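Residues per chain, in single letters:
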Amino acid sequence: MTVSSNSEFGMVGLGLRREMLDELLTQIPKQIDFMEVAPENWLKLGGRFAKQFKSLTDTSNFVCHGLSLSIGSPEPLDIEFVKALKVFFKAHNVKLFSEHLSYCSGSGHMYDLMPIPFTEAAIAHVVGRIKQVQDILEQQIAIENVSYYAAPGQQMSELEFTTEILQQADCKLLLDVNNIYVNSINHGYDAEHFLASLPSQRIAYGHVAGHFNEADDLLIDTHGSDVIDPVWQLLDRAYQHHGVFATLLERDFNIPAIAELTKELDIIHQLQAKHAIIQRKEST
């Protein structure tokens, strides 16, 4: 099944970081169809950075991936923040907004992504908040499956929890392939089974990234290194199970030159081309 081979924002993306601005303002490599930013990093920015960012959003496709909406938090939703996002998205022609299926605030901001308990009560709470955000923004959002290192109060599997939220909230999925791999090692489940069981029709786009090997049974999702072969293989399987979908490379630190990053973008292009050919053959 082909999910989003005609994605409105393109098929291969790169997470934009400020360290990349000078290179990308000079020339955007042909491998980059769209870029992604955390809106919190740009929302209130003025001066030179704001002008540079606007020059990019005027000429390139952008999506936003939030860090602080805290969709699972017990605290009230920050309505004013969501309204500010709506204005920002319109100003920069942002094609899609995604957030993490986690929370990062309680009585204060924790500056980390914490796991939501896999419970029926948490599903009801999160679904209500996603619907509220979608109503304010007047559009569907995408929710990312996250890496986590503990599962307090678990009553169901991560897979059951995730798919129930997608269905009940009627939202999209940001499919993070690296997070599936990391969680499969840390929590001892079958990565491909998890991947194949996700609803194809919900996938808006995907992420790949690098991680850090703390131990044989503990991987840390860092986005600070190259994507490893098992994650590329899992992306290959993702296209096999779900069809070709737009996919973005994340790199948050230890950022090399753009020429190095485009080598990884080339791998995404190659995998997508491979499965596009396979799907065309299967459809004839």
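The coordinates are above.
Thresholds, definitions, all that
Residues numbered from 1 in each chain as written. Predicted model: local features only at pLDDT ≥ 70, side-chain atom pairs only at ≥ 80, totals over all residues. Heavy atoms only, no water. Helix = DSSP H or I, 4+ residues; strand = E, 2+ residues; numbered from the N terminus. Rg over C-alpha atoms; globule rule 2.2 N^0.38 Å. Buried < 20%, exposed > 50% of the residue type's maximum accessible area, 1.4 Å probe, protein only. Contact = heavy atoms within 4.5 Å. Right-handed = clockwise from strand over helix to strand, strands pointing away. Pairing = 2+ DSSP bridges.

S.K.: Where do I start with the overall build of the chain in this structure?
M.R.: Of regular secondary structure, the chain possesses nine helices and twelve strands. Here the C-alpha radius of gyration of the chain, 18 Å, is about what a compact globule of 284 residues would show, namely 19 Å. By residue count, 52% of the 284 residues in the chain fall in the buried class. The contacts in the chain between residues at least 6 apart in sequence include a share of 80% that link residues at least 24 apart.

S.K.: Sorry if this is basic, but what is going on with the pairing of strand β8 (residues 172-176) here?
M.R.: Working note: regular strand, side chains alternate between the two faces of the sheet. Counting buried residues in β8 gives four out of five residues, a clear majority hidden from the surface. In this fold, strand β7 (residues 142-144) hands off to helix α5 (residues 158-169), which returns the chain to β8; that crossover is right-handed. Note that β8 and strand β9 (residues 203-208) share four bridges and pair parallel. By the bridge assignment for β9, L175 is matched with G206.

S.K.: Would you explain the pairing of strand β3 (residues 61-65) in this entry?
M.R.: The buried fraction of β3 amounts to four of the five residues, a majority that puts the element mostly inside the structure. Bridge count between strand β2 (residues 34-37) and β3: four bridges; the pairing is parallel. Looking across to β3, one finds that F34 is bridged to N61. Following the backbone out of β2, through helix α2 (residues 47-57) and into the adjacent parallel β3, one traces a crossover that is right-handed. Where β3 lies against strand β4 (residues 94-100), three bridges are found, and the strand directions are parallel. Each residue of the ladder has a partner; that of C64, found in β4, is F97.

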